[in-house]
Amino acid sequence: MRTAFIKALTHVAASDPRITLVVGDLGYSVIEEFARRFPRQFVNAGVAEQNMTGLAAGMALAGRRVFTYSIGNFPTLRCLEQVRNDVCYHGAAVTIVTVGGGFAYGALGASHHATEDIAIMRTLPRMTVVAPGDPVEAGHATYALAEAGGPAYLRLGKAGEPVVHDGPIAFEIGRAITVRGGSDLTLITTGGMLHNVVRARDALATTHRVQARVLSMHSIKPIDREAILAAASETGAIVTVEEHSVIGGLGGAVSEVLAESGVGIPFRRIGIPSAFDTVVGSQEYLRGRHGLTVEGLVPAIEGLLLGARR
Amino acid sequence: MTTTTEDIRGLARRIRAHSLRMTHSARSSHIGGALSMADLLAALYGRVLRVDAGRPNWPERDRFVLSKGHACASLYATLAETGFIPVETLSTFYTDGTTLAGHVTTGAAGVEVSTGSLGHGLPLACGMALALARDESPSRVFALLSDGECDEGSTWEAALFGGHHQLTNLIAIIDYNKIQSLGHVADVMALEPFGAKWSAFGWAVAEIDGHDIDAIVRTLETVPLEQHKPTCVIAHTVKGRGVSFMEGLLTYHYKPPSDDELARALDELEGR
Ligand SMILES: Cc1ncc(C[n+]2csc(CCOP(=O)(O)OP(=O)(O)O)c2C)c(N)n1
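Reading the values: the criteria
Residues numbered from 1 in each chain as written. Chains lettered and ligands numbered in written order. Predicted model: local features only at pLDDT ≥ 70, side-chain atom pairs only at ≥ 80, totals over all residues. Helix = DSSP H or I, 4+ residues; strand = E, 2+ residues; numbered from the N terminus. Rg over C-alpha atoms; globule rule 2.2 N^0.38 Å. Domains from an automatic or database assignment. Contact = placed C-beta atoms within 7 Å. Nonpolar A, V, L, I, M, F, W, Y, C, P; charged D, E, K, R; others polar. Buried ≥ 20, exposed ≤ 12 C-beta atoms within 10 Å, placed from the backbone. Pairing = 2+ DSSP bridges. Axes fitted to C-alpha atoms, helices over the stretch in contact; angles between N-to-C directions. Right-handed = clockwise from strand over helix to strand, strands pointing away. Expected span 1.5 Å × (residues − 1). Near = placed C-beta within 6 Å. Parallel < 35°, antiparallel > 145°, perpendicular 65-115°, else oblique. Left-handed = near helix turned anticlockwise from the far one by under 90°.

Observations regarding the overall build of chain A
On a plain count of helices and strands, chain A comes out with eleven helices and twelve strands. Relative to a compact globule of 310 residues, whose C-alpha radius of gyration would be 19 Å, chain A shows 19 Å and is just as compact. Reported as C-alpha extents along the three principal axes, the dimensions of chain A are approximately 60 × 40 × 35 Å.

Let's talk about the domain arrangement of chain A
Residues and elements named next belong to chain A. When the domains of chain A are assigned, the result is domain 1 (2-155) and domain 2 (177-309). One C-alpha centre belongs to domain 1, the other to domain 2; they are set 27 Å apart. The interface is formed by 24 residues belonging to domain 1 together with 30 residues belonging to domain 2. Within the residue set of the side of domain 1 that touches domain 2, elements represented by two or more residues are α5 (117-122), β5 (128-130) and α6 (135-148). When its residues are assigned to classes, the side of domain 1 that touches domain 2 shows twelve nonpolar, seven polar and five charged.

Comments concerning the pairing of strand β3 (residues 65-71) of chain A
Residues and elements named next belong to chain A. In terms of burial, β3 is largely enclosed, as seven of its seven residues are buried. The pairing of strand β1 (residues 19-23) with β3 spans five bridges and is parallel. Residue I19 lies in a different strand from β3, and its bridge partner there is R65. Here β3 runs beside strand β4 (residues 94-99); their pairing, made up of six bridges, is parallel.

Observations regarding the sheet that holds strand β12 (residues 267-272) of chain A
All names here are of chain A. One open sheet holds the five strands; their spatial order is β7-β9-β8-β11-β12, and the pairing between them is mixed. Since the sheet does not close on itself, it has two edges, and those belong to β7 (177-180) and β12, each with one partner. Between one strand and the next, the sheet's axes are offset by a mean angle of 25 degrees, whatever the strand orientation.

Thoughts on the pairing of strand β4 (residues 204-209) of chain B
All names here are of chain B. Bridge count between β4 and strand β5 (residues 231-236): six bridges; the pairing is parallel. Along β5, the bridge assignment pairs D209 with H236. Considered for its hand, the β-α-β crossover made up of β4, helix α9 (residues 213-221) and β5 is right-handed.

Section: helix α1 (residues 5-26) of chain B
All names here are of chain B. Spanning 22 residues, α1 covers 31 Å between terminal C-alpha atoms, matching the ideal 32 Å at 1.5 Å per step. What α1 keeps buried is the set I8, L11, A12, I15, R16, H18, S19, L20, M22 and T23. Those residues of α1 that are buried are in contact with α2 (31-36), α3 (38-48), α4 (73-81), α9 and α10 (259-271). Just beyond α1, the residue with positive phi is R27, at close to 55 degrees.

Considering the sheet that holds strand β2 (residues 141-146) of chain B
Residues and elements named next belong to chain B. One open sheet holds the five strands; their spatial order is β1-β2-β3-β5-β4, and the pairing between them is parallel. Among the strands making up the open sheet, the edge pair consists of β1 (63-66) and β4. Averaged over all pairs of adjacent strands, the angle between their axes in this sheet comes to 20 degrees, without regard to strand direction. Across the sheet, helix α5 (residues 121-134) touches β1, β2 and β3 (170-176), and the angle it forms with β2 is around 170 degrees.

Regarding the site of the ligand
Contacts to the ligand come from 30 residues, most closely from B:G33, B:L118, B:S146, B:G148 and B:Q180. Mapping the residues near the ligand onto chains gives chains A and B. Elements with a contribution of two residues or more to the shell around the ligand: β3 of chain A together with α2 of chain B. For the shell around the ligand, the element with the most residues is α2(B), which contributes three residues. Class assignment for the residues of the shell around the ligand results in seven nonpolar, 15 polar and eight charged.

Quick notes on the packing of α1(B) against α4(B)
Residue and element names in this part refer to chain B. Between α1 and α4, the least distance of the axes is 8 Å, while the angle of their chain directions is 125 degrees. In this view, α1 runs oblique relative to α4, as classed from their interaxial angle. With respect to the hand of their crossing, α1 and α4 are arranged in right-handed fashion. In this structure, α1 uses L11, R14, I15, H18, S19, M22 and T23 to contact α4, whose residues at the interface are A73, S74, A77, T78, A80 and E81. Looking at the contact of α1 with α4 residue by residue, the classes come out as six nonpolar, five polar and two charged.

Now the structure itself:
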């Protein structure tokens, strides 16, 4: 996803001199060409995320469209008040870009697990929150956010995620993408979980004759209420799947829509409990510990359906 | 127990060898910064720190805080060589289900704090030093920082705090290897005059060669360098030190040693 991001950003920066990339001493083998081609549109702020975010807001207030870039929690949680007061309160044209969403840096330990970022960013006034499901969505999201200006948060995986969309997609912030059709239930997911969710859906279709709709909810804020409510009435059950805490993220956002609309349907959030892992490992290993692999998703979805039919 | 300079050199060599094997089998980053601090770790754990592997939670122990948590391979190696954790566990580094996470984590005996986000170590160390001093504990707190994390405001907020509160039992050691994540410190965010900054914040400062075992031991054994001041030891080091083809290169902040590089590196270490 980061390759799709930097490719799109480089493309926009060539024709829009306002586009500026500010990195927190990160981006080795990603940002070099951008830095070389657009020296007036690039700065390395050093390992100093609070200053990075404050100065990004300052540059935005001076007319730039700024993208800050770092790993997981560093440009979000580390400098949360700069994000809130300097970026959001001023409505500054800053898009915060992170690599390493969820357990992408699994073996690196809890400091590098970005597992509460969506919830926290989502509460900030004026903030748009986008977590693309694959490299294709990541490219589209970058163009869309460069156009919109910010405040925004773009949560990426790292490099080499599988492409899920094999054809062209209609990407619009605030509009979910229907990746698979179906009427037995709906799986709503965000970010890099899309691949596992589509695989689990296809497994359910062949082994259990369950036709699940799959929505890639790349925009968590604003969220696509219409798609959620249509899924509720047309498919009768919803499961949210996210590589993030079950508190306040995608599952939280979807349940808010459902609860306030008054539809009572079988509903389940699959995600990470509010606890730190005491052991670590690869991304798939940690996903597996929390039921976020195909092997974990299939029985969980099946269980919800069985419960609903009873 | 007296440990000679030669013993400490031997310990440093074993720490380097373990670190190379660990990052090789894990295919993990950060070998450069693990090697640059190996002599400091060997001197600390071989001689300076009052710690006891048999009683890792002994209340009067000195505390060691690794703030540059990404370079933890050589700390885990040190803890294995000094009896805190079994040597065999080193091979679990980065593997599924391990407690030896890629940034230093308290799951391993002897690790006082988990870090990984830069700029957290010195504030934690200040808090420990303040509480221990107020409780009239003989324990001292040693924090090992990277030069890169001296970009962080939190590091300087703690520096102000340590000076203001005259934390005589606090020793910050900076692994000044002159390279951070995207280039040389001098190009990314210059720190010089570095020692003068710490002095201005109220610290007693020593600048030493961070690979000269005698100089490290001599300095750390005479702390506090001044009464009523915390100590800052700026250790001039070389990123990748000990493996000639890794020395001074940004590449080895990221690149794990290949099979061939591991063999050559181990040969070089034995030959010394
Ligand atoms: C707050 C924070 N921002 C960014 C990073 C990513 N990062 C890991 S190591 C590093 C810098 C490496 O240079 P230095 O800190 O000097 O370490 P050393 O050379 O001693 O390995 C960075 C920016 C981080 N770990 N924490």
